[in-house]
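Each chain, written out:
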Amino acid sequence: MQTEGWRKRKDGTLFWATVVLTALRDEKGILYGFSKITRDITDWKKAQEEIELLYRQVNQSSEGIYTVDANRRVISWNKGAEELYGFTKEEALGKEVMQLLQTNLTLAELQGMMDTVNRNNGMRKELHRKKKNGDDVFVHTSSSAIRNEAGEITGYLIVNVDITERKKLMEKVNHLASMVE
């Protein structure tokens, strides 16, 4: 039997533990005792709770937040990205991000952006993309490199903010300003 829960040390302090209780039997199957192993997992439990909180915060954000691996394949996709682009998490996972979110970037421009992110650990830029339904969307994108302990890039974290309405408004303002001149 295995269980988790709060336990109390001799000094009265509490800790989160996993407890494994095993029946000990001889070669004839006769019970002769029990083995009990208690392991302090307080730090692990706290880390897990922090990860779960971070996951909920990211997933509930209205901003499009997703991660891609070093080959730019989508490995996470939050609800904000679903709402922004129209692709469900299941549709986005595993797809190459530039094919999924079509943009007018050339391969040379894309490589230049990747080089900037790799060199500076991040980059901010406005991009014109397409939603699942084909509508245009303008986003302010913030890309950050994700590195392992050896400093190698293993992926990228991308946050997209929809600025389509702002862009349309600026176009109208510029049009009106040119008419006044």
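Rules of the game
Residues numbered from 1 in each chain as written. Predicted model: local features only at pLDDT ≥ 70, side-chain atom pairs only at ≥ 80, totals over all residues. Heavy atoms only, no water. Helix = DSSP H or I, 4+ residues; strand = E, 2+ residues; numbered from the N terminus. Polar contact = N/O pair within 3.5 Å; in protein donor to acceptor, adjacent residues only side chain to side chain. Expected span 1.5 Å × (residues − 1). Buried < 20%, exposed > 50% of the residue type's maximum accessible area, 1.4 Å probe, protein only. Arc of directions from axis to C-beta. Contact = heavy atoms within 4.5 Å. pLDDT = per-residue confidence, 0-100. Phe/Tyr/Trp six-rings, centres within 6.5 Å; stacked < 30°, edge-to-face > 60°. Pairing = 2+ DSSP bridges. Axes fitted to C-alpha atoms, helices over the stretch in contact; angles between N-to-C directions.

**Side note on the side chain of N78**
Part 1: By the secondary structure assignment, N78 is in the loop between β5 (74-77) and α2 (79-85).
Part 2: A polar atom in the side chain of N78 sits 3.1 Å from the backbone oxygen of E63.
Part 3: Polar contacts involving the side chain of N78 include one to the main-chain amide nitrogen of A81, which spans 2.8 Å.

**Some details on helix α5 (residues 107-120)**
Part 1: Over its 14 residues, α5 runs 20 Å from end to end, which matches the ideal 20 Å to within 8%, given 1.5 Å per residue.
Part 2: Taken as a whole, α5 has its buried residues at L110, M113, M114 and V117. Down the axis of α5, the sector holding all buried residues measures 100 degrees, keeping them to one side. In α5, the exposed positions that point more than 90 degrees away from the buried face belong to A108 and R119.
Part 3: The elements touched by buried residues of α5 are α4 (97-100), β6 (122-130), β7 (136-147) and β8 (153-162).

**Comments concerning the confidence of the model for the chain**
Part 1: Residues at a pLDDT of 70 or more form 100% of the chain, whose mean pLDDT is 91.
Part 2: By mean pLDDT, helix α6 (residues 164-180) is the weakest element of the chain at 81, and helix α3 (residues 89-92) is the strongest at 96.

**What to know about the packing of aromatic side chains**
Part 1: Under the defined criterion, the tally for this structure stands at 3 aromatic pairs.
Part 2: Seen in terms of ring centroids, Y66 and W77 are 5.1 Å apart; in terms of plane orientation they differ by 40 degrees. Their pairing is tilted. Within this pair, whereas Y66 is found in strand β4 (residues 64-69), its partner W77 is found in strand β5, the two being separated by 11 residues in sequence. Taken individually, Y66 and W77 each receive the classification buried, so the pair is uniform in this respect.
Part 3: A ring pair is formed by W77 and Y85, whose centres lie 6.1 Å apart and whose planes are at 35 degrees; its orientation type is tilted. Side by side, W77 and Y85 carry an identical accessibility label, which is buried.
Part 4: An aromatic cluster is present here, built from Y66, W77 and Y85 joined pairwise through their rings.

**Brief notes about the sheet that holds strand β1 (residues 2-8)**
Part 1: Spatial ordering of the open sheet is given by β1-β2-β3, a layout of 3 strands whose pairing is antiparallel. Among the strands making up the open sheet, the edge pair consists of β1 and β3 (31-40). Averaged over all pairs of adjacent strands, the angle between strand axes in this sheet comes to 35 degrees, irrespective of strand direction.
Part 2: Across the face of the sheet, helix α1 (residues 42-60) comes into contact with β1, β2 (14-25) and β3 while running at roughly 120 degrees to β2.

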